[in-house]
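# Structure assessment
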Amino acid sequence: MAQERAIADLNEAEAGAELARLAGELARANRAYHQADTPEITDAAYDALKARNAAIEARFPHLKRPDSPSDQVGAAPAEGFGKIRHAQRMLSLANAFEPEEIAEFDARIRRYLNLVPDAPLAYTAEPKIDGLSLSLRYEDGVLVHAATRGDGETGEDVTANARTIAEIPVRLEGAPALLEVRGEVYMRHADFQALNARAAETGGKSFANPRNAAAGSLRQLDAEITRARPLSFFAYGWGALSEPLADGQMASLKRLETLGFQVNRLTRPCDGPAALLEHYRAIEAARPDLGYDIDGVVYKIDDLALQARLGFRSTTPRWAIAHKFAAETAWTVLEGIEIQVGRTGALSPVARLKPINVGGVLVSNATLHNEDYIAGRDSRGQPIREGRDIRVGDRVQVYRAGDVIPKIADVDLAQRPGDAVPYVFPQTCPECGSVALREPGDSTHRCTGGLICPAQAIEKLKHFVSRNAFDIDGLGAKQIEMFFADDQLPIREPADIFTLRARDAANLTKLKNRDGFGERSAAKLFDAIDERRRIPLARLLFGLGIRHLGEVAAADLARHFGGWRVLIDTVDRAAPAAARALAADEAEQAERARAATEGRRAEVKKARDAIWDDPPLPEGARLAWEEIIGIEGVGAVLAASLVTTLTQGRERASVERLVAELAEIQPPEQRSTDSPVAGKTIVFTGTLTRLTRAEAKARAEASGAKVAGSVSAKTDILVAGEGAGSKAAKAEALGVRVIDEDAWLALIGA
Ligand code: IVH
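Report on the accompanying structure. (Residues numbered from 1 in each chain as written. Predicted model: local features only at pLDDT ≥ 70, side-chain atom pairs only at ≥ 80, totals over all residues. Heavy atoms only, no water.)

Taken together, 14 residues lie around the ligand, and E126, I129, S133, R149 and E184 are the ones closest in. Within the contact set of the ligand, a nitrogen atom lies 2.7 Å away from a side-chain nitrogen or oxygen of E126. Between the ligand and Y236 there is a distance of 3.3 Å, counted from an oxygen atom to a side-chain nitrogen or oxygen. Put simply, the parts of the chain that give the shell around the ligand at least two residues each are β3 (123-129) and β10 (294-301). (Near = heavy atom within 4 Å. Polar contact = N/O pair within 3.5 Å; in protein donor to acceptor, adjacent residues only side chain to side chain. Helix = DSSP H or I, 4+ residues; strand = E, 2+ residues; numbered from the N terminus.)

Written out as structure tokens, the structure reads:
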């Protein structure tokens, strides 16, 4: 940077020239920071340029440029890779570990498709490659982009890197006009060892396992580094297509092979669970000699028309499953048991272990689930580990199943130290001292401190900013912990996030002058927060972190209510009924404990009904409650949690403070607007003959309809199968349109 002159010495012409220079330099720094990979100047140098620009403008206000850097805060997200939205979502697979689960998988598919028990059903089985998935988009046979999976909707643009991988063709002959190839990037053992050996010689970074090496090599901002790394690629599927590759999975893979892709040679057609398991054992036996890592076998329905009928759950296909290999295990010492408090107040015991390598990963923590698990019994009081309890000081067997947190499989009593004592589960919350209650029928102790418990408050905030909730750039778990503990600019509840900019402006010490923040990063954070003042209803609901309210149920609620005020009004009206439902549950539990025998079911029901009906609930409360529990996917447990949480004074006040900060709570998108049933509420009753219930529901939802469990004045259509009874009568009485299965199929165009 040129020697800078004191601002007081500048004449008007010089000041104008200096402002032009600063505008250019700051613009270049912005570009380097936001679009390229490496910032050219430090945060501090950038801030100094901006300050100089502002000072000159203050002295010569009439020289302020139309493109003045003072008017520009932040810019596009500062991320190394561009983003690519997948034309078709990249999903993951459901896991299975036991042979019985494979029989269940087959049975589930047969039920869903309504197949007779002996009908043939063709599958394919192939190794599950332990690498990272990649989507390659070819237009007119030319590779136009490559994207990692990311969150399944949007991935990172790694096109330049993918082009350097020899096994990824950049040009295809005879491919469909549009072809997205999906597969796994991985590193062969020999290449991995050579890479690490080279790193050792040159003092470079070595990788823990081939998967990490593959991920680290693909996600390089400099494609030349990727080129120097030996990566391989297996194609196992496809995304968007302009025309089908073939009719079946197996034939489609053949076609991909013809087009020039590597397809795993251990892929086999199988005619049912027995054949699948046989091939699983064959692959497991071949595993040590494959020369690359696999972590299981993937089973897929071969017929693509059946795949289409089976469709997807929220994140996994119904037509495929990953049969994982047995977990790797190792023995180590349990050095301590710590209690972590989650966002709903659940106390989770965590094993602190003497660090041990389990299948290539260093493990020092494992989950211990709950009090019963430590004591050696399951939720029904039956012994696990033949009743052996777990004590601090024990030698324990640790295992990792898939990517999940390590667990403890067993304990070696022969090596138990003489002074080891049974573990006593704490009766108070270690974070806030409130009573930790374990309710009848629940295996978990819960802190009763609610929002006064700092651990719950922090975990709730972390959840609030997480990817599938508010997803605020630059505000992750680490920053939440920092702000939570901060006295000058604290974030203690969600609304505080949205008042951060205003509070910072009013404060003497600014965020930008603090550790880890500069002017740009502070401005960027405030902008990222402002961006989320418009939020889809489902994300808001999910973000509140209400117990039992997952993403799918949040979407169901959002679709049903369409707006925040409608929802909260219904919740308020349902409050007396929710309280009653909980009391009725309690009465039922108590009576059940007293009766303890099946023969006295009538008493149990009587105890429950007595609470429900006396004194009579206001009609509005009952109707509101029934509306909520009538939403498909929302049961009484979730409904009670939703209503009691949102009507609890402190909690509600906090939610209202948040809502007041938001600019718009967006209604859910209609999933399919051109369908005549979009937005309609449908109820199915009776026996359907051409579709199973699950398939009917999935298809209705895919057409944008809501599926409810019971008929009410809000029902638009009742689809009456064979033997439809009381629901059909009720629908007629209410004047709801009733149609049969064929008419329904015609209506949705199936
Ligand atoms: S099929 C709709 N086949 O496993 C999802 N996946 O746990 C279709 N994977 O994200 C995935 N080998 O990265 C499929 N032969 C194979 C696979 C495979 C590895 C990975 C893939 C996926 C993950 C799911």
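So much for the structure itself; the text now carries on.
With that settled, the discussion passes to the sheet that holds strand β9 (residues 268-270). With mixed pairing, five strands are arranged side by side in an open sheet as β2-β11-β10-β3-β9. Each of the sheet's edge strands pairs with one partner strand only, and the pair in question is β2 (95-96) and β9. Bridging between β3 and β10 involves seven bridges; their strand directions are antiparallel. Looking across to β10, one finds that T124 is bridged to K300. In the packing of helix α3 (residues 99-113) onto the sheet, the strands contacted are β2, β3, β10 and β11 (320-324), and the crossing angle to β11 comes to about 175°. Where helix α8 (residues 249-259) meets the sheet, it contacts β3, β9 and β10, and its direction lies at approximately 50° from that of β3. (Pairing = 2+ DSSP bridges. Contact = heavy atoms within 4.5 Å. Axes fitted to C-alpha atoms, helices over the stretch in contact; angles between N-to-C directions.)

What the rule picks out here adds up to 50 salt bridges. Here R227 ties to E224 by a salt bridge, and the two come within 3.1 Å at their closest N and O atoms. Within this pair, R227 and its partner E224 are both found in helix α7 (residues 223-228), separated by three residues, close to a single helical turn. When the shortest N-O distance is used, the salt bridge between R492 and D487 registers 3.8 Å. For R492, a relative accessible area of 37% puts it in the partly exposed group. Through salt bridges that share partners, R501, D527, D530, R533 and E661 make up one connected network. (Salt bridge = Lys/Arg side-chain N within 4 Å of Asp/Glu carboxyl O. Buried < 20%, exposed > 50% of the residue type's maximum accessible area, 1.4 Å probe, protein only.)

Before going further, it helps to spend a moment on the sheet that holds strand β4 (residues 132-139). Taken in spatial order, the four strands make up an open sheet running β5-β4-β7-β8, and their pairing is antiparallel. A single partner strand is all that each edge strand has here, and the edge strands are β5 (142-148) and β8 (232-241). The average undirected angle you get between the axes of adjacent strands in this sheet is 30°. Here strand β7 (residues 178-186) runs beside β8; their pairing, made up of seven bridges, is antiparallel. Bridging from a neighbouring strand, V181 pairs with W238 of β8. Helix α6 (residues 210-218) rests against β4, β5 and β7 of the sheet, and its axis sits at about 40° to β4. Along the sheet, α8 makes contact with β7 and β8, crossing β8 at roughly 115°.

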